[in-house]
Amino acid sequence: MWKALAGIAPALTVNLAPSHRDGLVLRSPVLTASGTFGFGDEYRDLVDLSRLGAIVTKTVTPEAREGNPTPRTVETPAGMLNSIGLPNPGVAGVLREKAPIWPELPCPVVVSVSAHDSTSWTALAGAFDGLPNVCAIEANLSCPNVAGGLDFSATPEAAAATVAAVLAGTELPVIAKLSPNAGDIRPIARAVEDAGAHAVSLINTIVGLVVDVERRRAFLGAGSGGVSGPAIRPVALRFVYEARQVVDVPIVGIGGIASTEDALQFLLAGAAAVQVGTATFRDPRTAETITDGLAAYARDHGLDLLQEIVGTAQPATEASAAEVDLEDVAVGEHVVAPDALEPAGGA
Ligand SMILES: Cc1cc2nc3c(=O)[nH]c(=O)nc-3n(C[C@H](O)[C@H](O)[C@H](O)COP(=O)(O)O)c2cc1C
C-alpha cells in the first residue's frame, strides 16, 4: 500500500476516489501524464517529485512492445504529433525493472495499463495490487496509436465492459482515461461511472496527420498520430466541461496544460485534478511550478481548499450530475449560432 505523505500545502489536498473504500487522497491536484514522464526514475533527479500529487507511468501492456516505426514524433503548431505505439517492457518487465524503484519515490505512482481483451485487462490490472507506493490504476481506454486501442472507449458499452474487467482484477482505485476521438464524451463518461470507475481522466491525444512534402507521404512512420500540447487545450477543456455535467466522480483534466492559469481553467471547468504531459518536454519542472502556482492562488484568494473552485465556471444547475438525462442535453448546445456572431469579428 502507498502512504500519503505530509501535505505541501493543505489547501491543495484532493480525494480523487471518494467512492473507493480507501479513497485516493493526494497532496496536490497536479499529476504527470502517462507517456511523458517514463516510469518515474527518469525524472527523479530533475524534478522535486514530493511536490506532485502523483506520477502516472507510461502505459504498461501484457507483453513487451517495441513501438511503432520511426519517426515517432513531429512538432506541430502549438503542440506535437506522436505515434509512439506504447513501447514498454510489458508487465513482467515493469515488475522486474521499474516497480522496485517506486517505493523510493517521494510521491505515489498511478500505473497506466492497456490490454486487448477482458481477460487480459483483468489480469493486468491485478498485477500491481499491494505494491508499495502504487496508489491507483489508470485504464488507458484510449490510445489512438495501437490497433484496437480506440475501440475501448469508442462506445459506452465497450468502455463500461472494459472498466468492469479492470475492476474485477484490482482492489485499487480505477481511473478511466477516455478518448476525445469518439465524439460526444458524455455517454461514455456516464457509462464508465456507472460501471464503477472511481474517476475519469480526459483527454488522450486527438488523431491528426502531418505530411512530409518532400517524401510525399505521412511524416510519421506509422502514418497518423495523436496531437497534444497547447493546440488541444480548448478542446480538452470543453470535454471536461461537458463530462462534468453528467458524472459525479472526479475528473482529471489533461490537454495542453503548461501554466497555473491553464490548470485553473480546468479546475473551474470541473476537473478536480490535472495532468501535465507535453509541457514536461519543454520544462521538466512544469508540474512542480504549477503546484506552487495553485498554492499561491489558494492563498491569495483566501481558499481553505482549492477544491472549492472546482466546476464553478459551470452554468448553475439544481440537478446533480447523476440526475441529468442525456437525452435532454442537446449536443453542442453551448455553441453560439453562426447568425448570432458579429460579422468579421476577431481572429
Ligand atoms: C510522446 C507521448 C506519449 C504518450 N504516451 C501515452 C501513453 O503511453 N498512455 C497514455 O494514456 N497516454 C499517452 N500520451 C497522452 C498523454 O498522456 C496526454 O493524454 C496527451 O498528450 C494530452 O496531454 P498534453 O497535451 O498535456 O500532452 C502520450 C502523449 C505523448 C505526447
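Predicted model, so just to flag it, every value in this text is computed and none were measured.

Procedures and definitions
Residues numbered from 1 in each chain as written. Predicted model: local features only at pLDDT ≥ 70, side-chain atom pairs only at ≥ 80, totals over all residues. Buried ≥ 20, exposed ≤ 12 C-beta atoms within 10 Å, placed from the backbone. Helix = DSSP H or I, 4+ residues; strand = E, 2+ residues; numbered from the N terminus. Pairing = 2+ DSSP bridges. Axes fitted to C-alpha atoms, helices over the stretch in contact; angles between N-to-C directions. Near = placed C-beta within 6 Å. Nonpolar A, V, L, I, M, F, W, Y, C, P; charged D, E, K, R; others polar. Core = buried A, V, L, I, M, F, W, Y, C linked by C-beta atoms within 7 Å. Contact = placed C-beta atoms within 7 Å. Expected span 1.5 Å × (residues − 1). pLDDT = per-residue confidence, 0-100.

**Q** How would you summarise the pairing of strand S15 (residues 251-254) if you had to cite specific residues and measurements?
**A** With burial as the criterion, each face of S15 is covered, one bearing Ile251 and Gly253 and the other bearing Val252 and Ile254. The sheet contact formed by strand S10 (residues 199-202) and S15 spans three bridges and is parallel. Following the sheet pairing, Leu202 is matched in S15 by Gly253. Bridge count between S15 and strand S16 (residues 273-276): three bridges; the pairing is parallel. Within the sheet, the bridge partner assigned to Gly253 lies in S16 and is Val274.

**Q** Residues and numbers for the sheet that holds strand S5 (residues 73-76), please.
**A** Reading across from one edge, S5-S6-S14-S11 is the order of the four strands in this open sheet, with antiparallel pairing throughout. Single-partner strands in this sheet number two, and they are S5 and strand S11 (206-208). The sheet shows a mean angle of 35° between the axes of neighbouring strands, direction not considered. Across four bridges, S5 lies against strand S6 (residues 79-82) in antiparallel orientation. Considered in S6, the bridge of Thr73 is made with Asn82.

**Q** Report on the pairing of strand S14 (residues 225-228), specifying residues and quantitative values.
**A** Pairing of S6 with S14, which is carried by three bridges, proceeds in the antiparallel orientation. In the sheet register, Asn82 faces S14, and the bridge partner there is Gly226.

**Q** So what about the site of the ligand? Which residues, and what values?
**A** Lining the immediate surroundings of the ligand are 26 residues, of which Ala33, Gly35, Ser228, Gly277 and Thr278 lie closest. Residues belonging to the shell around the ligand are distributed by class as follows: nine nonpolar, 15 polar and two charged.

**Q** Before we move on, can you summarise the nonpolar core with the specific residues and values?
**A** Counting 100 residues, the largest nonpolar core has Val163, Ala176, Val192, Val200 and Val240 as its most contacted members. Not counting the four nearest positions on each side in its chain, Val192 is found in contact with Ala159, Ala160, Val163, Ala176, Ala197 and Val200.

**Q** I'd like a rundown of the environment of Pro132, residues and numbers included.
**A** If you trace the backbone, Pro132 turns up in the loop between helix H2 (118-126) and strand S8 (134-140). In sequence terms Pro132 and Ile101 are 31 residues apart; their C-alpha atoms lie 9.8 Å from each other.

**Q** Residues and numbers for the environment of Gly208, please.
**A** Mapping Gly208 onto the fold places it in strand S11. Apart from the residues within four sequence positions on either side, Gly208 is in contact with Leu81, Ser224, Gly225, Gly226 and Val227.

**Q** Which residues make up the sheet that holds strand S9 (residues 174-177), and what are the values?
**A** Ordered by their spatial adjacency, eight strands build an open sheet running S3-S16-S15-S10-S9-S8-S7-S4, and the pairing between neighbours is parallel. Strands with a single pairing partner mark the edges of an open sheet, and in this sheet they are strand S3 (30-32) and strand S4 (55-56). Bridging between S8 and S9 involves four bridges; their strand directions are parallel. By the bridge assignment, Ala139 is partnered in S9 with Ala176.

**Q** I'd love a proper account of helix H8 (residues 286-300), names of residues and values included.
**A** The end-to-end C-alpha distance of H8 is 21 Å, a good match for the 21 Å that 15 residues give at a rise of 1.5 Å each. Within H8, burial applies to Thr286, Ala287, Glu288, Ile290, Thr291, Leu294 and Ala298. Check the buried side of H8 and you find it contacts S3, helix H6 (260-269), S16 and helix H7 (279-282). One or two positions beyond H8, positive phi appears at Gly302, with a value near 65°.

**Q** Give me the lowdown on the confidence of the model for the protein chain, citing residues and values where you can.
**A** Across the protein chain, the average pLDDT comes to 89, with 86% of residues at or above 70. Ignoring residues within four places in sequence, the model shows residues 1-6, a span with pLDDT below 50, making 10 contacts including any to other chains. Scored below 50 in pLDDT, residues 330-347 shows two contacts in the model against residues more than four places distant or in partner chains.

**Q** Residues and numbers for H6, please.
**A** In terms of burial, H6 is a largely internal element, seven of the 10 residues being buried. Taken as a whole, H6 has its buried residues at Asp262, Ala263, Leu264, Gln265, Phe266, Leu267 and Ala269. Residues of H6 that are buried make contact with S3, helix H5 (233-244), S15, S16 and H8. One or two residues past the end of H6 sits Gly270, with phi positive at roughly 135°.

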